[in-house]
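Architecture and fold: a report
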Amino acid sequence: MIATLLIQHEKLEQLPSGGTLSPYGVHQKHGQITSQALQLLSSQRRQFSNTYISVKLDETSGVAVMKLKRPPVNSLNMELLTEFAINLEKLEIDRGCRGVILTSAVPRIFSAGLDITEMCGKNADHYGEFWRAVQEMWLKLYGSSMVTIAAINGSSPAGGCLMALSCDYRIIANNKKYTIGLNETQLGIVAPFWFKDIITEVIGHRAAERSLQLGMLYSPTDALKIGLVDEVVAEDKVQSTASAVMAQWLTLPDHARQITKSMMRKPSLDRLVTHREADITNFVSYITRDSIQKSLQMYMEMLKKKGR
Ligand SMILES: CCCCC/C=C/C(=O)SCCNC(=O)CCNC(=O)[C@H](O)C(C)(C)COP(=O)(O)OP(=O)(O)OC[C@H]1O[C@@H](n2cnc3c(N)ncnc32)[C@H](O)[C@@H]1OP(=O)(O)O
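To start, this report covers the structure provided alongside it. The structure presented is a predicted model; accordingly, all values stated were derived computationally and were not measured.

Describing the sheet that holds strand S6 (residues 63-68)
- Strand order across the open sheet formed by seven strands is S4-S5-S6-S7-S9-S11-S13, with mixed pairing between neighbours. At either margin of the open sheet sits one strand with a lone partner, and together these are strand S4 (45-49) and strand S13 (231-233). Taken over all neighbouring pairs, the strand axes of this sheet differ in orientation by 20 degrees on average, direction set aside.
- Here strand S7 (residues 99-104) runs beside strand S9 (residues 147-152); their pairing, made up of four bridges, is parallel. Along S9, the bridge assignment pairs Ile 101 with Ile 149.
- The sheet strands contacting helix H3 (residues 78-92) are strand S5 (53-58), S6 and S7, and the helix crosses S5 at an angle near 15 degrees.

Notes on the sheet that holds strand S12 (residues 180-181)
- A sheet is described by the order of its strands in space; here three strands give the open sequence S8-S10-S12, paired in parallel fashion. Edge strands, defined here as strands with exactly one partner in the open sheet, are strand S8 (108-109) and S12.
- Direction of pairing for strand S10 (residues 154-157) relative to S12: parallel, over a ladder of two bridges. Opposite Ser 156, over in S12, you have Ile 180 as the bridge partner.

Some points on the pairing of strand S11 (residues 169-173)
- For S11, the tally of buried residues reaches five of five residues, placing the bulk of the element in the interior.
- Of the two faces of S11, the one carrying Tyr 169, Ile 171 and Ala 173 and the one carrying Arg 170 and Ile 172 are both buried.
- The sheet contact formed by S9 and S11 spans four bridges and is parallel. Its bridge partner lying in S11, Ala 151 is registered against Ile 171.

Rules behind the numbers
- Residues numbered from 1 in each chain as written.
- Predicted model: local features only at pLDDT ≥ 70, side-chain atom pairs only at ≥ 80, totals over all residues.
- Pairing = 2+ DSSP bridges.
- Helix = DSSP H or I, 4+ residues; strand = E, 2+ residues; numbered from the N terminus.
- Axes fitted to C-alpha atoms, helices over the stretch in contact; angles between N-to-C directions.
- Contact = placed C-beta atoms within 7 Å.
- Buried ≥ 20, exposed ≤ 12 C-beta atoms within 10 Å, placed from the backbone.

Right, dumping it as C-alpha cells:
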C-alpha cells in the first residue's frame, strides 16, 4: 500500500525539450527529439524522487546515486526509513542496477541518525512500528546484493553511522568538523545487538567495545585509523572517488561477489530475522522507561540549546 502510494508520487523529471524522463524511460511530448534529449538518451538516466529520498540511476554504468534529503540534518523518521527501504527494493529488483552510492543532499550532514522525536512522548504502538521500520531499512541495506558505497559528505552519528557501516565501502570527506560513530551511550541509551554486531564486524572486537562503551565520535582521520571508514578524501572528491571505487567493484562478476557477500553477512542478518519480534518488544519496553524518556528529552533540549 505504502509502496504503491510512493511509486504513484514519483516525480516525472522535466526534460529541457519539454518531454519527460520517467522512471521507466523517456517519453517524447512533441515527437521531435532535440540534441539535448538525445544526449540524455545516450546516458540513459532515470531519476525518481520521493519526499526525503532522490534516486538517479545511470543505466549505462548500472549505478544509482541515492540521496537523503531531509533538512536540516537528515534525521531518520518513519517516512524517510520507509521510502528508503522501498527505493532500495526497487533498485534491487531492477536488472539495470548493480550498485548504489548512498550520500546526502544536505550540506555538512550525512545523517544525524534516528529521529529522536520518533522515540519520545509517543505510545507503544508507535515505537513498535518505528522500530520495525528501522530494522527494515537495515535488513534491506545490509542484505543488499548490489554493491553499496557510502559517500559520507558530512557528520554521521549513531543511525547515520549504522547506514554507512551497512555499505560495502565507506568514503568520508576530509573535514575535521565531521564526526562519525555509534554515540548511543552519550544519549544514555544502549545500541541494539545488531548495531553492536555490525561495528564489531567492521572494526573488530576490541575497538568496537571501546567505541561503543564510550559512545565515541571520530574525526575522519581517526575513523580511518580504526577502520571505521575505508578512505578519507578531499571534500570535493567524495562523489568522484565513490564512482571510481564503484567502477572497480563492478568489474567483478556479480554472481561470485554476491554469493561471497551473502556468505559473510548471512549470520548477522539471520540473527535479527530470527529475533525480530523479540527485538521490537525489547525496544518498546526499553524506550518507554521513564529514565530513558528523560535521557532522550534532556538530550533533545541540549541539542536545541546548542542550536540557538
Ligand atoms: C534502544 C534504543 C536504541 C536506539 C538507537 C539510536 C540510534 C540513533 O540514531 S539516536 C540519534 C543519535 N543522534 C545524535 O546524537 C545526533 C544529534 N545531532 C547532532 O549531533 C547535530 O545535530 C549534528 C552534528 C548532526 C548537526 O549539527 P548542526 O548542524 O549544528 O545542527 P543542530 O544540532 O543545530 O540541529 C539542527 C536541528 O536538528 C535537530 N536534530 C539534530 N539531530 C536530531 C535527531 N537525531 N533527531 C531529531 N532532531 C535532531 C536539532 O534539535 C535542531 O533542531 P531545532 O533546534 O529545532 O532547529
